[in-house]
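Chain by chain, the residues:
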Amino acid sequence: MKKYFIAIVLTLSFGFAIWGFGDLRLAESATTSPQIIIAQIKITSSNGQFITLYNNSNSIIDLSTIQLQYFNNYDLLKATTGKLISLSGKVPPHGYAVIDDGPIQACYQMTVNSVSLGLSSTAGFVQVSHFFGTTSPQFISTLDDYVGWSKTSASGAQTLPGSTSAFLQRQAPGGGQDYSKIVIPGAGTWTSVSQPDGSTPCDGSTSAGVAAGGNKLATSSAPVPYSTAVVEAASTFAIPDSDAGLAAPQISEVLPNPAPPVTDADGEFIELYNSNSSQFDLSGFSLQTGTTTFHKYTFPDGTYIAPHQFVAFYSGDTGLSLSNSDGQVKLLEPGGNVLGKTDEYTNAKDGYAWVPVDGLWQWTTTATPNAANIITTPPLAKKSAKTTATSKKKSSNGAVASLSSSNYPPSGTAPANLHPAILAGIGGLAVVYALYEYRHDLANQLYKFRRYREAR
């Protein structure tokens, strides 16, 4: 009974999203295309699951107004579970939003939400909708798009690729990725696409090997690649057009506490690395520091990073202050979305640099501004020979005694036993306390016993 009740609730929820109060849904769909659609979806767990949404409109979309729902069956009458996936950030016109359950490298006009997806590889259904109106609370939504899938061929569902590293790519009616041709939810077809090796994370059409040479950072885990975002209208985010199709710069090194005689005011730096084969325009991008109190520096127009180059931006130029106790650095695009960030660090020692190694951030004692990182692991704290000798001397003189099994209790000494009278007294007190605690129960049992005897 419970299973059928859940199925009915899920069906009503889906129907409510489709019709969106009937006339309102029809009125909007008669004049506009879906404002956001599902462009890509990866279900199998190899290299992580992801969902890519595409802004099919000419305006910025606030993802907090978007509802992304998942059900564990393409047939909603058979679905037993579902969840609402919360989103954040803003997507520029004709830009992409990626909902990913693993680390990826963000690209041009791309917003990333890292969440735990847990999509079923047997069967499932995802729908995306958005709210109406500008007042709160917003409770009327309209369906924009949906897709269902199945491990085996099934009517009304897309068949998942046989390869665990492949994903489904949306095709507009007539073929291609001109999503402006999608005018109703669910229109178009889906095709299986092989996942590239990660050497070109912003281009899903190639799978070339990683180029050798230069000061390129070693990639710990291949980022999930996606199709290049094609700019169809001017973005109000003012992202430089020359950055189209390029990978975002990586934060490669942070020096929060330079060693003397260098001062914090001039010697702290944040280093960025451009992994692309062409220069990257940082105009309008920002660096943000802090975990509770934030400081921000926006790059002026005409700030570039050459191909495969490390560039250190010093505190004397940016005015940014890095905390020595608790800190973090983020790279923001002009719209305010986070393109990359370091792990939070604590207790920065003199001259120690915070760097990424195999996907994890750690300290190195060798700072390398404007060059490839050199990992020198900080030495472990060791006790000096003098300290060890002093400790042994104190122990031999009896000033310090260790409580080990060999000397406690002293050899030949038996532990003292309690006097029998003390044990008897403790037992008597326990009996008295029990009689007092259960006096009502004992009286009740005595009363029942007397009544029983009278009755006999």
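From a predicted model like this one, the values you see are computed outputs, not experimental measurements.

Caption draft 1: Focus on the nonpolar core. Judged by nonpolar contacts, the single largest core of 27 residues is most densely connected at Ile 251, Ile 270, Leu 272, Leu 282 and Phe 299. Elements represented by at least two residues in this core include exactly strand S14 (250–255), strand S15 (269–273), strand S20 (310–314), strand S22 (329–332) and strand S26 (360–364). If we skip the residues at most four places from it in the chain, Leu 282 touches Pro 249, Leu 272, Phe 299, Thr 303, Ile 305 and Phe 313.

Caption draft 2: Structural detail: the pattern of salt bridges. In the structure shown here, the tally under the stated rule is 1 salt bridge. Between Arg 170 and Asp 145 there is a salt bridge whose closest N-O contact spans 2.6 Å. Of this pair, Arg 170 sits in strand S12 (residues 167–171) while Asp 145 sits in strand S10 (residues 141–150), and the two are 25 residues apart along the sequence. Here Arg 170 and Asp 145 have matching classes, each one buried.

Caption draft 3: The arrangement of the pairing of S14 in detail. For S14, the buried fraction is high: 5 of the 6 residues fall into the buried class. Where S14 and S15 come together, 5 bridges link them in antiparallel fashion. Across the sheet, residue Leu 255 finds its bridge partner in S15, namely Phe 269.

Caption draft 4: Broad picture of the environment of Ser 163. Among the secondary structure elements, Ser 163 is positioned in the loop between strand S11 (158–159) and S12. Ser 163 gets classed as partly exposed once you look at its relative accessible area, which sits at 39%. When the C-alpha atoms of Ser 163 and Val 193 are compared, they prove to be 9.6 Å apart, with 30 residues separating the residues in sequence.

Caption draft 5: Summary view of the sheet that holds S10. In spatial order, the strands read S5-S4-S9-S10-S11; together these 5 strands make up an open sheet with mixed pairing. Two strands bound the open sheet, and with one partner strand each, they are strand S5 (82–85) and S11. Strand direction decides the pairing type here: strand S4 (residues 66–71) and S5, joined by 4 bridges, are antiparallel. Bridge assignment links Gln 69 to a residue of S5, and that residue is Leu 84.

Caption draft 6: A look at the packing of aromatic side chains. Enumeration according to the criterion identifies 15 aromatic pairs in this entry. Three or more aromatic residues link up through ring pairs in this structure, and these residues are Tyr 345, Trp 354, Trp 361 and Trp 363.

Quick notes on the rules
Residues numbered from 1 in each chain as written. Predicted model: local features only at pLDDT ≥ 70, side-chain atom pairs only at ≥ 80, totals over all residues. Heavy atoms only, no water. Core = buried A, V, L, I, M, F, W, Y, C linked by side-chain atoms within 4.5 Å. Buried < 20%, exposed > 50% of the residue type's maximum accessible area, 1.4 Å probe, protein only. Helix = DSSP H or I, 4+ residues; strand = E, 2+ residues; numbered from the N terminus. Contact = heavy atoms within 4.5 Å. Salt bridge = Lys/Arg side-chain N within 4 Å of Asp/Glu carboxyl O. Pairing = 2+ DSSP bridges. Phe/Tyr/Trp six-rings, centres within 6.5 Å; stacked < 30°, edge-to-face > 60°.

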